[in-house]
Amino acid sequence: MGIKREKSDCSFTSVMALIQKYQHNIPERYVLPPFQRPNPSRVDQISNNHPVIDLSKMNHPAHRSRIINEVRTACNQLGYFQVINHGIPTSVMKDALDAAEDFFNLPSDEKTRFASTDVHEPVRYGTSVNHGTDKVFYWRDFIKHYANPISDWIHLWPSNPPTYKEKMGNYAKAMKDLQKQLMEVVLESLGLNVNYLHDDIEDGSQVMTVNCYPSCPKPDLALGMPPHTDFGTITILNQSHQGLEIMDRDKKWHPVPFIQGALIVQLGDQLEVISNGRYKSVPHRAILNMQRKRFSIASLHSMHIEKKVGPAPELVDEQHPVAYREGSFGGFLDYISDKSISKGKYIDTLKIT
Ligand code: OGA
Ligand code: NI
């Protein structure tokens, strides 16, 4: 992709290693400037209005039209929703979170063999967002790995803990199936054909981002993840505890209520582009707590890394002229790995104004 791969700088201290020493305060590099800190007095004015969509009998026509209407409302208003009765067994969801916990509990040496600051690596362990470039650090360790088609990637995943591949693999396959069903509903909610981009969705890229947020002695001064939108079409998030916040259209932050067994679905930038701006990707961040570690697994779906996508022609007319140029997951990775462009988002470079 024309960008020189850099030698990865593997020397960093994970938050898991840090917490042995820091039990009452946090190192300076984690302290956010005051205006970026989570505001503990924030009021959750839409607390009764967080969309939870029941997917049972999803393929029954009467249920399906209700689900499509609920998805449309949620996507229009917030760009995210939770799903229940989604068909993923509780054990599959729990096993994946257990595998995550077991991985982050390994000694540093076992984890750093996957360390890299090169965002093009198909398996990458790190801390913060990118410890090679971050000015302020975030209280998070992560491992990311590609997952679709799983046979292309699973041999690159951690072999330790020994059950990691099996547990995370089962979960990844379940997410792949669920995202296909959810994409159909989301596309239908936009008035598109249920088969729109069908093969591209099937062959699409899937990145599993496995996050570990240790308890933090100063949760009001730091964040687990900065405000961002996800690159792809949709992200499906599984979490051990509450900690995700989303930003509404008035730029107010709201904690997403924790519902045992539910999965959180977030719209990403690629879906905003496909929808020609009718739907917007949802800004979100991860906050911290003093009590316990939190784990989350985000399954990020998008079109194939090389596949360029623009707005659906059906969503372009006189009132809605083409609002975005075509972009790709690969284009996004190149953009974020070029350090000369530290400001701005990839999707903003695609906007036609
Ligand atoms: C992500 C993400 C949020 C969370 O991995 O992209 O936004 O709650 N995670 O872990
Ligand atoms: Ni995210």
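See the structure above.
Residues numbered from 1 in each chain as written. Chains lettered and ligands numbered in written order. Predicted model: local features only at pLDDT ≥ 70, side-chain atom pairs only at ≥ 80, totals over all residues. Heavy atoms only, no water.

1. Quick look at the pairing of strand S3 (residues 123-127)
Each regular strand shows side chains that alternate between the opposite faces of the sheet.
So, point 1. In terms of burial, S3 is largely enclosed, as five of its five residues are buried.
So, point 2. Neither face of S3 is left uncovered, since the one carrying Val 123, Tyr 125 and Thr 127 and the one carrying Arg 124 and Gly 126 both have all their residues buried. (Buried < 20%, exposed > 50% of the residue type's maximum accessible area, 1.4 Å probe, protein only. Helix = DSSP H or I, 4+ residues; strand = E, 2+ residues; numbered from the N terminus.)

2. What to know about the site of ligand 1
So, point 1. The environment of ligand 1 is made up of Thr 209, Asn 211, Tyr 213, Met 225, His 228, Asp 230, Leu 237, Leu 244, His 284, Arg 294, Ser 296 and Ala 298.
So, point 2. Between ligand 1 and the protein, one listed contact pairs an oxygen atom with a side-chain N or O atom of Asp 230 at 3.2 Å.
So, point 3. Contacts to ligand 1 include Ser 296, whose side-chain N or O atom sits 2.6 Å from an oxygen atom.
So, point 4. Protein burial of ligand 1: of its 290 Å² of free accessible surface, 97% is covered by the chains.
So, point 5. Looking at the shell around ligand 1, the elements that each hand over two or more residues are strand S5 (205-213), strand S6 (225-228) and strand S12 (294-302).
So, point 6. When its residues are assigned to classes, the shell around ligand 1 shows five nonpolar, five polar and two charged. (Near = heavy atom within 4 Å. Polar contact = N/O pair within 3.5 Å; in protein donor to acceptor, adjacent residues only side chain to side chain. Areas by Shrake-Rupley, 256 points an atom, 1.4 Å probe, with all protein chains shown as cover. Nonpolar A, V, L, I, M, F, W, Y, C, P; charged D, E, K, R; others polar.)

3. A few points about the pairing of S5
So, point 1. Counting buried positions along S5 gives nine out of nine residues, so the element sits mostly inside the fold.
So, point 2. Covered by surrounding structure in S5 are Ser 205, Val 207, Thr 209, Asn 211 and Tyr 213 together with Gln 206, Met 208, Val 210 and Cys 212, the residues of both alternating faces.
So, point 3. As defined by bridge partners, strand S4 (residues 141-146) adjoins S5 across six bridges and the pair is classed as antiparallel. Of the residues in S5, the one forming a bridge with Asp 141 is Cys 212. (Pairing = 2+ DSSP bridges.)

4. A short note on the side chain of Ser 328
So, point 1. Here Ser 328 lies in the loop between S12 and helix H9 (329-337).
So, point 2. In terms of polar contacts, Ser 328 uses its side chain to reach the backbone amide nitrogen of Gly 331, at 2.9 Å.
So, point 3. Filtering out sequence-adjacent residues up to four positions away, Ser 328 remains in contact with Phe 231, Gln 270, Ile 305, Glu 306, Lys 307, Lys 308 and Tyr 346. (Contact = heavy atoms within 4.5 Å.)

5. Some thoughts on the sheet that holds strand S8 (residues 244-247)
So, point 1. The strand order S6-S11-S8-S9 describes an open sheet built from four strands, whose pairing is antiparallel. Strands with a single pairing partner mark the edges of an open sheet, and in this sheet they are S6 and strand S9 (253-255). On average, each strand axis in the sheet is tilted by 20° relative to the strand beside it, whichever way the strands run.
So, point 2. Strand direction decides the pairing type here: S8 and strand S11 (residues 284-286), joined by three bridges, are antiparallel. Following the sheet pairing, Leu 244 is matched in S11 by Ala 286. (Axes fitted to C-alpha atoms, helices over the stretch in contact; angles between N-to-C directions.)

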